[in-house]
Amino acid sequence: MSEASPMIETQVTSATASAHGGSAPPRLSGGLPLLGHLLELRRAPIELFWRVRNECGEIGEMNWAGNRVVLLTGEAAQEAFFRAEEEQLDQAAAYPFMTPVFGRGVVFDGTPEQRRQAMRNQSLRDKMMRTHAETIAAETRRIMERLGESGEIDLLDFFSELTLYTSSACLIGKEFREELTPEYFRVFYELEKGTDAIAYVNPNLPLPVFRKRDRARARLVELLTEVFERRARREGGTRELFDVLLAIRNPDGTPRYTIDQVTGMFISMMFAGHHTTSGTAAWTLIELLRNPGAIEKVRAEVDAIYADGREVSYQALREIPELEAGIKESLRLHPPLIILMRKVAYDFHYDGYTVPAGKLVAVSPAVSNRMPECFPDPDRFDPSRYAEGREEDRHHAMAWIPFGAGRHRCVGAAFAMMQLKAIFSDLLLRYEFELSQPPESYRNDHSKMVVQLRQPCRARYRRRVA
Amino acid sequence: MRIAVDLDLCQGHGVCCSEAPALFELDRDKVRVLDDSPPADQHAAARLAAKYCPTLAIKIQEEN
């Protein structure tokens, strides 16, 4: 589907663009023959997106190895993007680097209507949140038992492992979660590292990065095959999501879904909520620790709220304003997704410009979240932006976009916020943390489309005295 | 007080139905407003529904 000769397709459609009235968006300068701005994208993507805004204004076109990507920036242009009908701007075809990760026929095969209905599987609905909060609190306590009195953790490894357990227990099932071992989060890490933008040339080039990705995926299929064969043989136990799917038969008696497909579903369910939440947890701790007074404020708030012995699972669903502001500010400065893309299904118009069908349009949370006209002193970590009266996230709902906005706003946003509040309530009540490295040494690795903290990213901890 | 829901933004999370069950109901995958000019004793619940809506789809217009 998506990777079917994009180069030819875009050339044909751009030749007919002038027939549709609006003018073509300005093109970004520079770029190599054939590869265009692809190497710049792999080297320093956020700088590239800012260059589009500074050079071309609120609409400008990049060239990623023949794929024309029109970047929209600024509140008005981003609102046009977020409000567009799904039938016009299609998510499915915009992310060719994900196809080999998920596997064929898994995630984006549904129609927009089917995807709208995904919410009906209920697991993200408000009614389920109380149960999820209990599960997350239990998982956090479980991982804390391993911490002991004092020591050091790698923030990427620690939060990757924890969020793998919390997400799988909440979204798939508690028995399934018990099957997971640290090997799973390492395999996920390899998959995430396999999202090199060189996939815009071809996601199956014979490169080490893609070979590792494919090996990781094959290993995951192997691991899950063992799990499901064991589960199929056992007596008793609960039938969870995947057991049900694997038991479905075609009319001729053959299984409806293969383990390979179920593995793809597992990857896709985990992908949206794993590296995103885990990265945000790590950045929240880093920012709270490297900004003077920030962690003290949150700790005092948490201590006061839980002084009456109330349950974390209860409070995580309610207000913890200082902690929430710290999480939001980390999300603003370090959005887990730095670019959101759609493929234009029929001509998209904005302010006298036309983007013809076949091209990609995009917005960049990394740029948007730091636009000084919406967020004064944008590079500063300032949790008071979210205080009553300022509420910059609400006043600029089309610019404060770590979760996207509009029709496609992340359906897991409320779940993610609750999860982060639950995790930090327990961690900060019981432990003190400090950074092990110089504060500026904590950086994201932007060489892949999936953003990851660069290792080492270590922190020391000590149990608080009661 | 007037309640308006932007159905473009509603994703059917159902937070409003928990906060203000007398005013909101989930109709398949979108919300339905049961009473868009609620009585005074429902105003606090309506404000909470708007505040906690995960997609900021609920707008409340207070009357003077």
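The structure reproduced in this document is the subject of the present report. Within each chain, residues carry numbers counting from 1 in the order of the written sequence. Following the order in which they are written, the chains are lettered starting with A and the ligands numbered starting with 1. Totals for whole chains, interfaces and linings use all residues, but because this is a predicted model, local features are given only for residues with pLDDT of at least 70 and pairs of side-chain atoms are given and counted only at 80 or more.

Description of the packing of helix α13 (residues 259-290) of chain A against helix α14 (residues 294-306) of chain A
Residue and element names in this part refer to chain A. Note the following rule: Lines fitted to C-alpha atoms define the axes here, with helix axes fitted over just the stretch in contact, and angles between the N-to-C directions of these axes take values from 0 to 180 degrees. Think of it this way: any DSSP run of H or I at least four residues long counts as a helix, any run of E at least two long counts as a strand, and we number them from the N terminus. Orientation labels follow simple angle bins: below 35 degrees gives roughly parallel, above 145 gives roughly antiparallel, 65 to 115 gives roughly perpendicular, and whatever is left gives oblique. Contact between two residues is assigned when their C-beta atoms, built from the backbone, lie within 7 Å. Classes in brief: Ala, Val, Leu, Ile, Met, Phe, Trp, Tyr, Cys and Pro nonpolar; Asp, Glu, Lys and Arg charged; the others, Gly included, polar.
Between α13 and α14, the least distance of the axes is 6 Å, while the angle of their chain directions is 110 degrees. Classified by the angle between their axes, α13 and α14 sit roughly perpendicular to one another. Across the interface between the two elements, Glu 287, Leu 288 and Leu 289 from α13 touch Ala 294, Ile 295 and Val 298 from α14. Counted by class, the contact of α13 with α14 contains five nonpolar, no polar and one charged residues.

Describing the sheet that holds strand β12 (residues 458-463) of chain A
Residue and element names in this part refer to chain A. The test is simple: Strand pairing is assigned whenever DSSP detects at least two bridges linking the two strands.
Strand order in the open sheet formed by three strands is β4-β12-β9, with antiparallel pairing between adjacent strands. Edge positions in the sheet fall to β4 (150-154) and β9 (431-435), since each of these pairs with one other strand and no more. Between one strand axis and the next, the sheet turns by 30 degrees as a mean value, whatever way the strands run. Relative to β12, β4 runs antiparallel, the two sharing five bridges. Bridging from a neighbouring strand, Asp 154 pairs with Arg 458 of β12. Against the sheet, α13 makes contact with β9 and β12, and its axis sits at roughly 80 degrees relative to β9, the strand it touches most.

A word on the packing of helix α7 (residues 126-145) of chain A against helix α19 (residues 413-430) of chain A
Residue and element names in this part refer to chain A. Note the cut-off: Two helices that cross are described as forming a left-handed crossing if the nearer one is turned anticlockwise from the farther one by less than a right angle, and a right-handed crossing if clockwise.
Following both chains from N to C, one finds α7 and α19 inclined at 35 degrees, their axes separated by 9 Å at the closest point. Crossing of α7 against α19: the hand is right-handed. Residue-level contacts link Met 129, His 132, Ala 133, Ile 136, Ala 137, Thr 140, Arg 141 and Met 144 of α7 to Phe 415, Met 418, Gln 419, Ala 422, Ile 423, Asp 426, Leu 427 and Arg 430 of α19.

Observations regarding the interface of chain B and chain A
Accessible area lost on assembly of the parts is the figure often given for the size of an interface. Of the residues lining the interface, 12 residues belong to chain B; the matching set on chain A comes to 16 residues. Per-class residue counts for the side of chain B that touches chain A are four nonpolar, six polar and two charged.

A few points about the sheet that holds strand β2 (residues 67-72) of chain A
All names here are of chain A. With mixed pairing, the five strands of this open sheet are ordered in space as β1-β2-β8-β5-β3. Taken across any chain shown, the strands that pair with only one partner, and hence form the sheet edges, are β1 (59-64) and β3 (89-90). Note that β2 and strand β8 (residues 360-363) share three bridges and pair parallel. Counted as the bridge partner of Val 69 is Leu 360 from β8. Packed on one face of the sheet, helix α3 (residues 45-56) meets β1 and β2 and runs near 135 degrees to β1.

Brief notes about the nonpolar core
Test applied: Nonpolar cores are built from buried Ala, Val, Leu, Ile, Met, Phe, Trp, Tyr and Cys residues. These are joined into a set through C-beta atoms within 7 Å. Counts of 20 or more other C-beta atoms within 10 Å of a residue's own C-beta define buried residues, counts of 12 or fewer define exposed ones, and intermediate counts define partly exposed ones; C-beta atoms are placed from the backbone.
Counting 118 residues, the largest nonpolar core has Leu 72, Phe 81, Leu 155, Ala 197, Ala 282 and Val 361 of chain A as its most contacted members. Ranked by the residues each element gives to this core, the list is headed by α13 of chain A, at 11 residues. Once residues within four sequence positions are removed from consideration, Ala 197 of chain A is found in contact with Leu 38, Leu 41, Arg 42, Trp 64, Phe 97 and Met 449 of chain A. One finds Val 5, Phe 24, Val 31 and Ile 58 of chain B within the second-largest nonpolar core, a separate group that totals 16 residues.

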